[in-house]
Amino acid sequence: MVAHTSSHAEPTPEFMAQCQKILERWRIGELPFADAVAKFSTLVQQASQEGHSANLARAEQLLGYLQHYRGNYNISIMHNDRARTLYERVGNRARVITLIINQGENYRFKGEYKRAISLYDQAYAEASELGDIRSQSIALLNKGLALLSLQEYEAAREALQHAYTLSEQWPDLRDVLPDMQIEIHHGLVEIFLHEGDYEAAWEQAMLAMAAAQLADKPVQYGYAYRLVARVLTVLGQSPDPAYADEPDEYFRRAVAAFRDVNAEGELARTMFEHARSLASRGRNTRAARKLQQVMMIFTKLGMTDDAAQAAELQRQLL
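Residues numbered from 1 in each chain as written. Predicted model: local features only at pLDDT ≥ 70, side-chain atom pairs only at ≥ 80, totals over all residues. Heavy atoms only, no water.

## A short note on unusual backbone geometry
One non-glycine residue, D216, lies in the positive phi region at around 55°. With respect to the secondary-structure elements, D216 resides in the loop between α10 (198-215) and α11 (218-235). (Helix = DSSP H or I, 4+ residues; strand = E, 2+ residues; numbered from the N terminus.)

## Focus on the packing of helix α8 (residues 153-167) against helix α9 (residues 177-195)
Think of two packed helices as two axes; the pair is described by the angle between the axes and how far apart they sit. Orientation of α8 relative to α9, taken along the N-to-C sense of each, is 150°, at an axis distance of 10 Å. Considering their axes alone, α8 and α9 lie roughly antiparallel with respect to each other. Relative to α9, α8 is oriented so that their crossing is left-handed. Contacts between α8 and α9 involve Y153, E154, A156, R157, L160, A163, Y164 and S167 from the former and L177, M180, Q181, I184, H185, G187, L188, I191, F192, H194 and E195 from the latter. Residues that form the contact of α8 with α9 fall into these classes: eleven nonpolar, five polar and three charged. (Axes fitted to C-alpha atoms, helices over the stretch in contact; angles between N-to-C directions. Parallel < 35°, antiparallel > 145°, perpendicular 65-115°, else oblique. Left-handed = near helix turned anticlockwise from the far one by under 90°. Contact = heavy atoms within 4.5 Å. Nonpolar A, V, L, I, M, F, W, Y, C, P; charged D, E, K, R; others polar.)

## Concerning the confidence of the model for the protein chain
Per-residue confidence for the protein chain gives a mean pLDDT of 91; residues scoring 70 or more make up 96%. Looking at the elements of the protein chain, mean pLDDT is at its lowest for helix α15 (residues 304-317), recorded as 88, and at its highest for helix α6 (residues 113-130), recorded as 97. Every residue in residues 1-7 scores below 50 in pLDDT, and together they form eleven contacts with partners more than four places removed in sequence or on other chains. (pLDDT = per-residue confidence, 0-100.)

## As for the packing of helix α13 (residues 264-280) against helix α14 (residues 284-301)
In the contact formed by α13 and α14, the axes pass within 8 Å of each other and the chain directions differ by 155°. Between α13 and α14, the angle falls in the class roughly antiparallel. Like other packed secondary-structure pairs, α13 and α14 cross with a definite hand, here left-handed. Contacts between α13 and α14 involve E264, G265, A268, R269, M271, F272, H274, A275, L278 and A279 on the former and, on the latter, N284, R286, A287, K290, L291, Q293, V294, I297, F298, K300 and L301. Split by residue class, the contact of α13 with α14 holds twelve nonpolar, four polar and five charged.

## Considering the packing of aromatic side chains
Taken as a whole, this structure holds ten aromatic pairs when the rule is applied. Measuring from centroid to centroid gives 6.1 Å for W26 and Y69, while their planes differ by 55°, and the two rings are tilted. Of this pair, W26 sits in helix α1 (residues 13-27) while Y69 is found in helix α3 (residues 53-70), placing the two residues 43 residues apart along the sequence. Taking relative accessible area as the criterion, W26 reaches 2% and is therefore assigned buried. Between the aromatic rings of F272 and F298, the centroid separation amounts to 6.2 Å while the plane-to-plane angle is 75°, which identifies the pairing as edge-to-face. Remark: F298 occurs in helix α14 and F272 occurs in helix α13; sequence separation between them is 26 residues. In this structure F298 comes out as buried when scored by relative accessible area, which is 0%. Members of the aromatic cluster, connected to one another through ring pairs, are W202, Y221, Y225, Y243 and Y250. The ring of F33 has R70 sitting right over it, with the charged end atom 4.8 Å from the ring centre. Sitting above the plane of the Y107 ring, R115 keeps its charged end 4.0 Å from the centroid. (Phe/Tyr/Trp six-rings, centres within 6.5 Å; stacked < 30°, edge-to-face > 60°. Buried < 20%, exposed > 50% of the residue type's maximum accessible area, 1.4 Å probe, protein only. Lys NZ or Arg CZ within 6 Å of the ring centre and 35° of its normal.)

## Remarks on the side chain of E190
Relative to the helices and strands, E190 is located in helix α9. Contact partners of E190, with chain neighbours within four places excluded, come to L148 and R230.

## Focus: the environment of V231
When you line up the elements, V231 lands in helix α11. For the pair formed by V231 and E190, sequence separation is 41 residues and the distance between their alpha carbons is 9.1 Å. V231 has contacts with V189, Y198, A201, W202 and A205, leaving out every residue within four places of it along the chain.

## Examining the pattern of salt bridges
Scanning the model with the defined rule gives 26 salt bridges in all. Across the salt bridge formed by D179 and K217, the nearest N and O atoms sit 3.2 Å from each other. A residue pair is termed long-range when its members are at least 10 positions apart, and D179 in helix α9 and K217 in the loop between α10 and α11 qualify at 38 residues. Residue classification places D179 among the buried positions, given a relative accessible area of 15%. Judged by its relative accessible area of 15%, K217 is buried. Across the pair E246 and R283 runs a salt bridge whose closest N-O atoms are separated by 3.5 Å. With E246 in the loop between α11 and α12 (248-260) and R283 in the loop between α13 and α14, the pair connects residues that are 37 residues apart, well separated along the chain. The exposure class of E246 is partly exposed, given its relative accessible area of 38%. Accessibility expressed as a relative area gives 31% for R283, which makes it partly exposed. Where salt bridges share partners, they join E190, R230, E273 and R276 into one cluster. (Salt bridge = Lys/Arg side-chain N within 4 Å of Asp/Glu carboxyl O.)

In structure tokens:
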């Protein structure tokens, strides 16, 4: 049971501004990952010394966020657990819901899809009680992506389309909307490729590219370039003369974007997709070399489901 909201349930505006500055510098690639972690760790110490639970929770939450993008999912889980406990202590239900979703993301990226879906369902139910449309839509988006990994395509499509409908009702949150819609486009690309509707898949990739240009952040560009490469692999030829036929260029751009912010998990997934693309085009030697690198990264990060998929593809190439 979450306690009643206290007067100190939210981080102070000054502390939020400090956190946001660090986060934005990291997002645009100006601040290295290790330096961002060090700065947030200093803020943890500061908030702890001041006895401000909400400030401390915010710093722990953002450390969890950074570690998630680094691919350090177990460390991220630890920080999220700490942040959630602190937000529950001060009665901040809205931020508790965000932490539940974030934790679901950690388990989804670790390949524990059913555990992740359970967390998304919990977050959706609690967000519905609060009338929090943004959190409802994000929980549904992530549930759809988890269902996609389980190859439950119809259920995934339903969740993604519902998430998109809800996202269009967001009040005054257009600054973060492109980030979410890129992921919806990603899910729909996979569904359309599964169904053999390549024209629709390309259209979704182009919508993701437009959203990435609007967001103008390395991670979003990485997602969009990877989608373009994924669809070009299947098409064999670009429907748009502005895009090259070969997908390798867009895989390279995606890798560079994720490397800019040390998003190691996404970097490894991009390399895996590139290996699959190379294998599908008969370039087995290059694919096998790339898979060797990928499996080492997946294993190091504890991404067991991804590591198993990479090992299976390597077995097929031998």
